[in-house]
Amino acid sequence: QNNHVPMLLGEPGIGKSSWVEALGNSMHTKVFVLACNQLADKADMTGSRLMPVGETKKVNPDGSESTEIDYAQKFFPHVVIKKAIDYAASHPTEFPILFMDELNRTTADVTSEALSIPTLRSIGDVDLPKNLRIITAGNDKGNITSLDEASRSRFVLLHVEPDVETFINVNPELNIFVKNVITHHPEAIFGKALPASLSGATVKKDDDDDDQTYNIDDIFDDTDEMSQITTPRTITAVSDWLNSCKTQELNLFIAQNILDEDGNPITMLQEILEAHTGKTMFTTLLLQEIIANINTINPQQSKIKVPKPSCYDSLVNMPTR
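Bear in mind that the values here come from a model prediction, so they are computed numbers and not experimental data. (Residues numbered from 1 in each chain as written. Predicted model: local features only at pLDDT ≥ 70, side-chain atom pairs only at ≥ 80, totals over all residues. Heavy atoms only, no water.)

1. Digging into the overall build of the chain
Which entries qualify depends on this criterion: A run of H or I in DSSP counts as a helix once it spans at least four residues, and a run of E counts as a strand once it spans at least two, with each numbered from the N terminus. We call two residues in contact whenever any of their non-hydrogen atoms come within 4.5 Å of each other. Working definition of accessibility: Shrake-Rupley area with a 1.4 Å probe, residue cover restricted to the visible protein chains.
Within the chain, the secondary structure is distributed over 13 helices and 13 strands. For the chain, contacts bridging at least 24 residues in sequence account for 70% of all contacts bridging at least 6. Total accessible area on the chain is roughly 18,800 Å²; 51% of this is exposed by carbon and sulfur atoms.

2. A closer look at the packing of aromatic side chains
Basically, it comes down to this: By convention, a stacked pair of Phe, Tyr or Trp rings (six-membered ring in the case of Trp) has centres within 6.5 Å and planes under 30 degrees apart, an edge-to-face pair has planes over 60 apart, and any other such pair is tilted. Classification of residues uses two cut-offs on accessible area relative to the type maximum, computed with a 1.4 Å probe and protein chains only: under 20% is buried, over 50% is exposed, and between them is partly exposed.
Per the stated rule, a full pass over the model turns up two aromatic pairs. With 5.7 Å between their ring centres and 55° between their planes, F32 and Y87 make a pair best called tilted. Placement of F32 in strand 2 (residues 31–35) and of Y87 in helix 3 (residues 79–90) is noted, with a sequence separation of 55 residues between them. The class for F32 is buried, based on a relative accessible area of 12%. For Y87, a relative accessible area of 14% puts it in the buried group.

3. Digging into the pairing of strand 5 (residues 97–101)
Keep this limit in mind: Each pair of strands is called paired provided DSSP finds at least two bridges between the two strands.
Among the five residues of strand 5, five are classified as buried, and the element is accordingly described as predominantly covered. With five bridges connecting them, strand 2 and strand 5 associate as parallel partners. From the neighbouring strand, A35 faces strand 5, where its bridge partner is D101. Both strand 5 and strand 8 (residues 133–138) contribute to a ladder of four bridges, which runs parallel. Each bridged residue has a counterpart across the sheet, and for F99 the counterpart in strand 8 is I135.

4. With respect to the sheet that holds strand 5
Keep this limit in mind: Axis lines are fitted to C-alpha atoms, over the contacting stretch for helices. Their N-to-C directions set the angle, which ranges from 0 to 180 degrees.
Taking strand neighbours across the sheet as the criterion, the five strands line up as 2-5-8-1-9 in an open arrangement whose pairing is parallel. Unpaired on one side and paired on the other, strand 2 and strand 9 (155–159) mark the two borders of the sheet. Neighbour to neighbour, the strand axes of the sheet diverge by 20° on average, direction disregarded. Sheet contacts for helix 3: strand 2 and strand 5; angle to strand 2, the most-contacted strand, approximately 160°.

5. Describing the side chain of S239
Looking at where S239 falls in the secondary structure, it is placed in helix 9 (residues 232–244). In this structure S239 touches E173, L174, N175 and V178, once residues within four positions along its chain are discounted.

6. A word on the pattern of salt bridges
Stated precisely, the cut-off is as follows: The salt bridge criterion pairs a side-chain nitrogen of Lys or Arg with a carboxyl oxygen of Asp or Glu, the two atoms within 4 Å.
Tallying each qualifying case throughout the model produces four salt bridges. D86 serves as the salt-bridge partner of K82, at 2.8 Å between the closest nitrogen and oxygen. Taken together, the residues span about one helical turn, with K82 and D86 both in helix 3 at a distance of four residues.

7. Let's talk about the nonpolar core
Operational definition: Nonpolar cores were defined as sets of buried Ala, Val, Leu, Ile, Met, Phe, Trp, Tyr and Cys residues, with membership established by side-chain atoms within 4.5 Å.
Core analysis: the largest hydrophobic core is formed by 34 residues, its most contacted members being F282, L286 and I290. Within the residue set of this core, elements represented by two or more residues are helix 7 (164–169), helix 8 (176–184), helix 9, helix 10 (247–255), helix 11 (268–277) and helix 12 (281–293). Among the elements that line this core, the one with the most residues is helix 12, at six residues. Dropping the residues within four chain positions of it, L286 is found in contact with F177, V178, V181, V238, L242 and L273. Counting residues in hydrophobic clusters, the runner-up holds 27 residues, among them L34, I81, V110 and L115.

8. Overview of the packing of helix 11 against helix 12
Working note: a packed helix pair is described by the angle between its axes plus the distance between those axes. Counted only if it meets this: Note on convention: the crossing is left-handed when the near helix lies turned anticlockwise from the far helix by less than a right angle, right-handed when the turn is clockwise. Amino acids are sorted into nonpolar (Ala, Val, Leu, Ile, Met, Phe, Trp, Tyr, Cys and Pro), charged (Asp, Glu, Lys and Arg) and polar (every other residue, Gly among them).
Relative to each other, helix 11 and helix 12 sit at 145°, their axes nearing to 10 Å. In this structure, the crossing between helix 11 and helix 12 has a hand that is right-handed. For the pair helix 11 and helix 12, the contacting residues are L269, Q270, L273, E274 and T277 in the first and F282, T283, L286, L287 and I290 in the second. Partitioning the contact of helix 11 with helix 12 into residue classes produces six nonpolar, three polar and one charged.

9. Some words on the confidence of the model for the chain
So the rule is basically this: Each residue carries a pLDDT score, the predictor's own confidence in it, on a scale running from 0 to 100.
Per-residue pLDDT for the chain averages 82, and the proportion of residues at 70 or more is 84%. For the chain, per-element mean pLDDT is lowest for strand 10 (residues 202–204), which scores 43, and highest for helix 8, which scores 96. Low confidence marks residues 200–212, where pLDDT is under 50. Its contacts with residues over four positions away, or in another chain, come to 21 contacts. Every residue in residues 214–221 scores below 50 in pLDDT, and together they form 26 contacts with partners more than four places removed in sequence or on other chains.

10. Details of the packing of helix 8 against helix 12
The following threshold applies: Comment on the angle field: the value is read as roughly parallel under 35 degrees, roughly antiparallel over 145, roughly perpendicular from 65 to 115, and oblique elsewhere.
Where helix 8 contacts helix 12, the two axes come as close as 9 Å, and the packing angle between them is 125°. Taken as axis vectors, helix 8 and helix 12 run oblique relative to one another. The chirality of how helix 8 crosses helix 12 is right-handed. Of the residues in helix 12, those touching helix 8 at F177, V178, N180, V181 and I182 are F282, L285, L286, E289, I290 and N293. Looking at the contact of helix 8 with helix 12 residue by residue, the class counts come to eight nonpolar, two polar and one charged.

As structure tokens, then:
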């Protein structure tokens, strides 16, 4: 509903954008994505400009005449917003979606202007069509612009997190090694870099004094290091890479040793996996899964094979294309 604007709040890379795209597909309409964090100034969104609109002649004290150019403020909304407005106006029976992503990970100036779209349903001097739906998304922690209570009250705040079952269902070509890891360890679907002392430790969800265990909350601690994290987005990337590798290639990566940035010997496979999903529990579990089952599981068996259509041979034999 127009007066109920959802705001999806959650960590980056967990699938907020993908979910909105899937929603648009299920509604048989288009989704227009506005990345608010790529805007530097509110004028980038509204397209506010002073434009010449005419001339005014005046007589100077010495009797001579001069001309002054008159200016007025004109608005040229961001191209994504304009496309959404134009599409909604030309498809009145549909409910297209304007998805304002990273709403609170930009400057306060941009965020303030962006709020006029879902709250006032206008941008500059242009009103939004009634059938245009608005969905926003942002992060609930980190380097964000906090919204005041008045602004938050205009949204339906939905805190979201990745779900393993959903992730598997929407990724039919998920690599078998990856699928095995997140099926048996669903808590590993999201995680930030572990402290070096915790690498290889056993995941536990409760407090324990055992030196070989840690609390699951440890993987959510913020860090200033430039390190990769495990999210559905990065898991998909490493899955695609594994699907492109043959068993022989993976065995070569396992056999080849290199030194990491701290001078410690690791396999080339570990280096590649960490480049995709970071030094996290997921990466540790995935490495163990591959090494244990590389010679019994085909890493490409998850790839969907499309059968040859029955008309293929006859089409190939046609004299023209």
